[in-house]
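Topology and contacts: notes
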Amino acid sequence: SEIDIQRTKDGYYILNHDGTFKRVAGDKRKPGDMTLSEIKTLSVDGEQIPTFEEALEASRGKGVLFTELKGKSADRQMADDAVRLIKQYEMEDECVLISLKYDLIDYIESQYPEIQTGFLAFASFGDTASLNCDYLGLEEESATAGNISSIHWNGKKALAWTVNDPESQKHFLCTMI
């Protein structure tokens, strides 16, 4: 599974993909402008917006949880806090921290080599071997057989992101392993 976390005004981490809650909860405020208690009053299809801790608890023992450090609050503090929570829940083998920000992934790999990381490459990624990460995430258009082979050749795992079509999903399930 893949989730996105963002930091609230009072320093908690909640799940939210978008920059605001407009699309999912009808509230145009940003997570960073709201406290956790304010966010917990919002509803998405009758459910409260979960915290990162709630997501960790719900996913424990059920597979791998790819957690994107997202938005303006995706910084070293978020990385340190996410690692602390993953360790607190003893889920080092069940979580991968991912980001579009390579410097953040490099920081996590350097400070916490026991934590799995993934760099989400946007358009290009350069020399695969020199990237300090465990996974390299490619957009669907960039996830070619040649790129995937290069990633594997350099000792990394590949993943494709923004694969929304069922036929594409089936294709990547067979080629990304």
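Right above here is the structure, for reference.
Residues numbered from 1 in each chain as written. Predicted model: local features only at pLDDT ≥ 70, side-chain atom pairs only at ≥ 80, totals over all residues. Heavy atoms only, no water.

1. Here we look at the packing of helix α4 (residues 76-88) against helix α5 (residues 102-111)
- Here α4 crosses α5 at 40 degrees, and the two axes come no closer than 10 Å. For the element pair α4 / α5, the angle class is oblique. Helix-helix and strand crossings are classified by hand; for α4 and α5 the assignment is right-handed. On α5, the residues touching Arg-76, Ala-79, Asp-80 and Val-83 of α4 are Leu-104, Tyr-107 and Ile-108.
- For the contact of α4 with α5, the per-class residue count stands at 5 nonpolar, no polar and 2 charged. (Axes fitted to C-alpha atoms, helices over the stretch in contact; angles between N-to-C directions. Helix = DSSP H or I, 4+ residues; strand = E, 2+ residues; numbered from the N terminus. Parallel < 35°, antiparallel > 145°, perpendicular 65-115°, else oblique. Left-handed = near helix turned anticlockwise from the far one by under 90°. Contact = heavy atoms within 4.5 Å. Nonpolar A, V, L, I, M, F, W, Y, C, P; charged D, E, K, R; others polar.)

2. Overview of helix α3 (residues 52-59)
- Within the sequence span of α3, burial applies to Phe-52, Ala-55, Leu-56 and Ser-59. Buried residues along α3 cover an arc of 100 degrees about the axis, so they all sit on one side.
- Those residues of α3 hidden inside the fold are in contact with β1 (2-7), β2 (13-15), β3 (65-69), α4 and β4 (95-99).
- One or two steps after α3, the chain reaches Gly-61, where phi turns positive at roughly 75 degrees. (Buried < 20%, exposed > 50% of the residue type's maximum accessible area, 1.4 Å probe, protein only. Arc of directions from axis to C-beta.)

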